[in-house]
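# Coordinates in review
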Amino acid sequence: MKVEHYVVGWVETNCYFAINEATSECIVIDPGDDAAMLASKIDEKGYKPVAILLTHGHFDHATGANELAERYHVKIYVHEDDFDLMADPQRNCCGMMGRRIVNRADEKLRDRQVLQLAGFEIQVIHTPGHTPGGVCFYFEKEGVLFAGDTLFCESVGRTDFPGGSSSTLIRSIRDRLFVLPDLTIVYTGHGEPTQIGSEKKYNPFV
C-alpha cells in the first residue's frame, strides 16, 4: 500500500489516499476541503477512487467528500452515530469558522465492521470521545491506522465540541488503540504521523 498525504482546508486537516499500486485503486480518507485540488491529484496520477471513508463527521474532515463522490461515483462512509451530525451545522462545527455547511454520507459504519475495498481489508474501530461516531480505520496486514482526531502525535483530539467526552476518548484510546501492535503507523487527522508504541510511552494525555 502507498499512502499519499494532503493538507486541506482552513483547519489544515490531513487527507489521505490509500493506494493499491498494483491496480491504481484508491481510497480517499477525510477529504475535508479542496475537492478540486484532490481531484486534480487523482486524475493526474491516474488513480481510481473506490470509496470515501470519514473518521468522523466534523466539517473539516467531510466538506470535500460530496463533490468527490459525485465526480467519481463512489460512496461516502461514516459511523452511524455521526451520520446525522454531518448535516447539522450546529454539531459539525462549521459555525466556528462562520460558515454553514451541510454534508451527507451514503453508508453507515458499525464497530468491528470489516470493509473490503481496493484490495485491502479494513477494520472499523469505533473510538468515540471526539465525536460520538468517531472511528479509526485499521489496515492490519499493512500495519497502518488512520486515526482521524482520536489520537495525535503526543496529543489527543479535543472533547469540548458537541457530543465530546474526555473520559470516553481516553478509554477509546487505551482500550481500542493501545492494544494494537507497537509498530503500527498512525496517520493522524492533524499534524505528524506517529506509532502506537511511541504514544503508549510518551503521550501525556493517556
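### Side note on the sheet that holds strand β9 (residues 135-139)
A sheet is described by the order of its strands in space; here six strands give the open sequence β7-β8-β9-β10-β13-β14, paired in mixed fashion. In this open sheet, the two strands that pair with only one neighbour each are β7 (114-117) and β14 (194-195). With four bridges connecting them, strand β10 (residues 144-148) and strand β13 (residues 185-188) associate as parallel partners. The residue bridging Val144 from the neighbouring strand is Ile185, located in β13.

### A few points about the layout of surface pockets
Its volume calculated, the largest pocket comes out at about 210 Å³. Surrounding the largest pocket, 13 residues form its lining, Val11, Asp60, Asp149, Arg158 and Phe161 being those nearest its centre.

### Quick word on empty space enclosed by the protein
It is a probe the size of a water molecule, rolled over the atoms, that shows where empty space is left. Under the definition given, this model contains one cavity of 30 Å³ or more. Of the volumes computed, that of the largest cavity is approximately 40 Å³. Val8, Gly9, Trp10, Val11, Thr13, Gly32, Asp33, Phe59, Asp60 and Arg99 are the residues that line the largest cavity.

### Details of the environment of Asp106
Residue placement: Asp106 occurs in the loop between β5 (76-79) and β6 (107-109). A relative accessible area of 34% means that Asp106 is categorised as partly exposed. For Asp106, the residues in contact, after removing those within four places along its chain, are Val74, Lys75, Ile76 and Phe83. Here Ile76 takes part through its backbone nitrogen, which lies 2.8 Å from a polar atom of the side chain of Asp106. A polar contact is formed between the side chain of Asp106 and the side chain of Arg104, at a distance of 2.8 Å.

### A short note on the pattern of salt bridges
With the rule as written, the count across this model stands at nine salt bridges. A salt bridge links Arg112 to Asp111; the shortest N-O distance between them is 3.9 Å. We classify Asp111 as partly exposed; its relative accessible area is 31%. Salt-bridge contacts for Asp182 lead to Lys200; the nearest nitrogen and oxygen are separated by 2.9 Å. Of this pair, Asp182 sits in the loop between α4 (166-177) and β13 while Lys200 sits in helix α5 (residues 196-202), and the two are 18 residues apart along the sequence. The exposure class assigned to Asp182 is partly exposed, which follows from its relative accessible area of 41%. Judged by relative accessible area, which is 41%, Lys200 ranks as partly exposed. What you see here is one network of salt bridges that share partners, running through Lys2, Glu4 and Lys45.

About the thresholds
- Per chain, residues are indexed from 1 in the order of the written sequence.
- In view of the model being predicted, local features appear only for residues whose pLDDT reaches at least 70, and side-chain atom pairs are presented and counted only at 80 or more, with totals across whole chains, interfaces and linings using the full set of residues.
- Note that water and hydrogens are dropped before the side-chain values are worked out from all heavy atoms of the structure.
- The pairing criterion for strands is at least two bridges between them, as found by DSSP.
- Counting from the N terminus, the helices are DSSP H or I runs at least four residues long and the strands are E runs at least two residues long.
- Points on a 1 Å grid, built from protein atoms alone, make a cavity when a 1.4 Å probe fits but cannot get out and make a pocket when they are open with protein on both sides within 12 Å along at least 5 of 7 lines; residues with an atom within 4 Å of a point are the lining residues.
- Grid points are joined across faces, edges and corners, and a volume is the space filled by probe spheres set on the points.
- Exposure is judged per residue with a 1.4 Å probe applied to protein chains only, and the accessible area is read against the type maximum: over 50% gives exposed, under 20% gives buried, and values in between give partly exposed.
- Contact criterion: two residues are considered in contact whenever any of their non-hydrogen atoms come within 4.5 Å of each other.
- Nitrogen and oxygen atoms within 3.5 Å of one another constitute a polar contact, given that in protein one can donate a hydrogen and the other can accept it, and given that sequence-neighbouring residues count only through two side-chain atoms.
- The salt bridge criterion pairs a side-chain nitrogen of Lys or Arg with a carboxyl oxygen of Asp or Glu, the two atoms within 4 Å.

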